[in-house]
Amino acid sequence: MSTDQLDTQARELLQQMTNGLQTSLEAFYRLFESRVYQYALTRLNDPHEAADTVNEVMMEVWKHASRFEGRSRVSTWLLGITHHKVYDRLRKRKHRNREEDIDDYSDRLSDDSNTAMDNIIAAMQDSELIRNCLDNLSEAHREVVHLAFFEDLAYQEIARIVECPEGTVKTRVYHAKNALKKCLSQHIN
Amino acid sequence: MNKQQLQESLPWYVNDTLTDAEKQEVETALAEHPELHQEVAFLQTLQSAVKQQQPGSQPPGEMGLQRLKREIIKETPSSTSSSASRWRVFAVAASLLAVIQAGYILQQSTTDTGIVPLSGSHYEGPVLQIQFKDNASEQAIRALLFKHQARMIDGPSASGVYRIAVKSSGKPIAETVKELQTNHNLVDYVAEE
């Protein structure tokens, strides 16, 4: 199913849900459960909390389907709800924000030579290594990497989901990318 | 576009979400900074690696859906107590089943040979989803369905939705939906399946 077809179907299901049709919620759940779960898991790193987040997000959709205004794709709206639910959970965890560390870290990064870049790209074939380096990113950086490269979202959509300026999204991805390169380089050396 | 701006645009160039104008701008800038072609290659590999990452666990699936449905039932408000509301749904369903078995709802013309027991899998005509008001009586529902030559084929779901089949009569089904919707004292919601 194309992105446009999926969005059309999702809009119809939301409309039906505003009339209380639970079979539409079931169809909606099956359409989007995996994406919501993956996104939550990327940030929470806990399958139980990610599953709880799916439940909360879908309950929110069920109760407030009429709040979808149609100004974005349904998936963007849905991931925005997921972002908020995950943020609430992270606040409860009281995790230290690691963004400052990553930014400082990136500032010390020197330009890689082309040869080093070839080695870095080769190292990315190691799925375990790339997973470790992704896990070492801050939640904010891991989030934008997931939305940009797993969900293939435009920076404008990501900005809407995470509720920050478009420039901030671009900067976060830039720094996340540099942090990943540094992590991969360390393993090569 | 300076080099920094170019580098910040490359992820969106790689995931193909730039506008045509932005893409053109990036490609022009890349021609001026060939050293960034390796950057593009890195981002393409990153995109591929992220997509191929197997999650450490699977989403909850049907169990998660059942959990959601249970919580919706618990949270659904009603004008009476929630348990009384559930009993009302069951009571209406039980009454309707009794009526169906008595043959009252399966009203067909004498020339119609398509009469089959509800227990069979065959039914004719378009199918609607319908939800009745909590205080709708079985007698009123029966009369409504008889009037529109409709019969129950399934339901209720956890939220009280029934499926009814309407006998094909040449009348557009949308018209039947509108007519059913005018029964505000009986019908909460009705739509084509």
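Residues numbered from 1 in each chain as written. Chains lettered and ligands numbered in written order. Predicted model: local features only at pLDDT ≥ 70, side-chain atom pairs only at ≥ 80, totals over all residues.

**Overview of the overall build of chain A**
(1) Moving on: Tallying secondary structure elements over chain A gives 10 helices and 0 strands in all.
(2) Moving on: Each helix (α) and strand (β) of chain A, taken in turn from the N terminus, gives the series α-α-α-α-α-α-α-α-α-α.
(3) Moving on: Here chain A, with 189 residues, has 41% of them falling under the buried criterion.
(4) Moving on: Of the contacts formed within chain A by residues at least 6 apart in sequence, a portion of 68% connects residues at least 24 apart. (Helix = DSSP H or I, 4+ residues; strand = E, 2+ residues; numbered from the N terminus. Buried ≥ 20, exposed ≤ 12 C-beta atoms within 10 Å, placed from the backbone. Contact = placed C-beta atoms within 7 Å.)

**Regarding the interface of chain A and chain B**
By a widespread convention, an interface's size corresponds to the accessible area lost as its parts come together.
(1) Moving on: Listed as interface residues are 40 residues of chain A and, on the opposing side, 36 residues of chain B.
(2) Moving on: Looking at the side of chain A that touches chain B, the elements that each hand over two or more residues are helix H2 (22-44), helix H3 (47-63), helix H6 (114-123), helix H7 (127-135), helix H8 (139-150) and helix H10 (166-188) of chain A.
(3) Moving on: Among the elements that line the side of chain A that touches chain B, the one with the most residues is H2(A), at 9 residues.
(4) Moving on: Looking at the side of chain A that touches chain B, its residues break down into 25 nonpolar, 10 polar and 5 charged. (Nonpolar A, V, L, I, M, F, W, Y, C, P; charged D, E, K, R; others polar.)

**Quick word on the nonpolar core**
(1) Moving on: Residues Ala40(A), Leu78(A), Val144(A), Val145(A) and Ile164(B) are the most contacted members of the largest nonpolar core, which totals 79 residues.
(2) Moving on: Counting residues per element, this core draws most heavily on H2(A), which supplies 10 residues.
(3) Moving on: In this structure Ile164(B) touches Leu128(B), Ile130(B), Leu145(B), Ala150(B), Arg151(B), Met152(B) and Ile153(B), once residues within four positions along its chain are discounted. (Core = buried A, V, L, I, M, F, W, Y, C linked by C-beta atoms within 7 Å.)

**Digging into the sheet that holds strand E2 (residues 150-154) of chain B**
All names here are of chain B.
(1) Moving on: Taken in spatial order, the 4 strands line up as E2-E3-E1-E4 in an open sheet, and their pairing is antiparallel. Among the strands making up the open sheet, the edge pair consists of E2 and strand E4 (187-192). The sheet shows a mean angle of 35° between the axes of neighbouring strands, direction not considered.
(2) Moving on: Pairing geometry for E2 and strand E3 (residues 161-166), over 4 bridges, is antiparallel. The partner of Asp-154 across the bridge, within E3, is Arg-163.
(3) Moving on: Of the strands in this sheet, strand E1 (127-132), E3 and E4 touch helix H7 (residues 173-181), which is tilted by about 175° from E4. (Pairing = 2+ DSSP bridges. Axes fitted to C-alpha atoms, helices over the stretch in contact; angles between N-to-C directions.)

**A few points about H7(A)**
(1) Moving on: All of the buried residues along H7(A) are Ile130(A), Cys133(A) and Leu134(A). Seen from one end, H7(A) has its buried residues packed into an arc of 100°, which puts them on one side. Exposed side chains of H7(A) directed beyond 90 degrees from the buried face belong to Glu128(A) and Asp135(A).
(2) Moving on: Buried residues belonging to H7(A) abut H8 and H10 of chain A together with helix H3 (37-52) of chain B. (Arc of directions from axis to C-beta.)

**Brief notes about the pairing of E3(B)**
All names here are of chain B.
(1) Moving on: Of all the 6 residues making up E3, 5 are buried; the element is thus mostly covered by neighbouring parts of the structure.
(2) Moving on: In the sheet, E1 pairs with E3 via 5 bridges, with the strands oriented antiparallel. Bridge pairing in E3 places Gln-129 opposite Arg-163.

**Concerning H3(A)**
(1) Moving on: Helix length check: H3(A), at 17 residues, gives a terminal C-alpha distance of 24 Å against a target of 24 Å (1.5 Å per residue), a fit within 8%.
(2) Moving on: For H3(A), every residue scored as buried is listed here: Ala50(A), Ala51(A), Thr53(A), Val54(A), Glu56(A), Val57(A), Met58(A), Val61(A) and Trp62(A).
(3) Moving on: Structurally, H3(A) contributes buried residues whose contacts are with helix H1 (3-18), H2 and helix H4 (74-93) of chain A together with helix H4 (61-75) of chain B. (Expected span 1.5 Å × (residues − 1).)

**Notes on unusual backbone geometry**
All names here are of chain A.
(1) Moving on: Despite not being glycine, Asn-45 has its phi angle at roughly 60°, a positive value.
(2) Moving on: Structurally, Asn-45 is set in the loop between H2 and H3.
(3) Moving on: A positive phi angle, near 55°, is found at Asp-152, a position not held by glycine.
(4) Moving on: Mapping Asp-152 onto the fold places it in the loop between H8 and helix H9 (155-162).

**Comments concerning the environment of Ile121(A)**
(1) Moving on: Position of Ile121(A) among the secondary structure elements: in helix H6.
(2) Moving on: The class for Ile121(A) is partly exposed, based on 19 C-beta atoms found within 10 Å.
(3) Moving on: With 60 residues separating them in the primary sequence, Ile121(A) and Lys181(A) have C-alpha atoms 9.0 Å apart.
(4) Moving on: In this structure, Ile121(A) is in contact with Ala41(B), Phe42(B) and Thr45(B), ignoring residues within four places of it in sequence.

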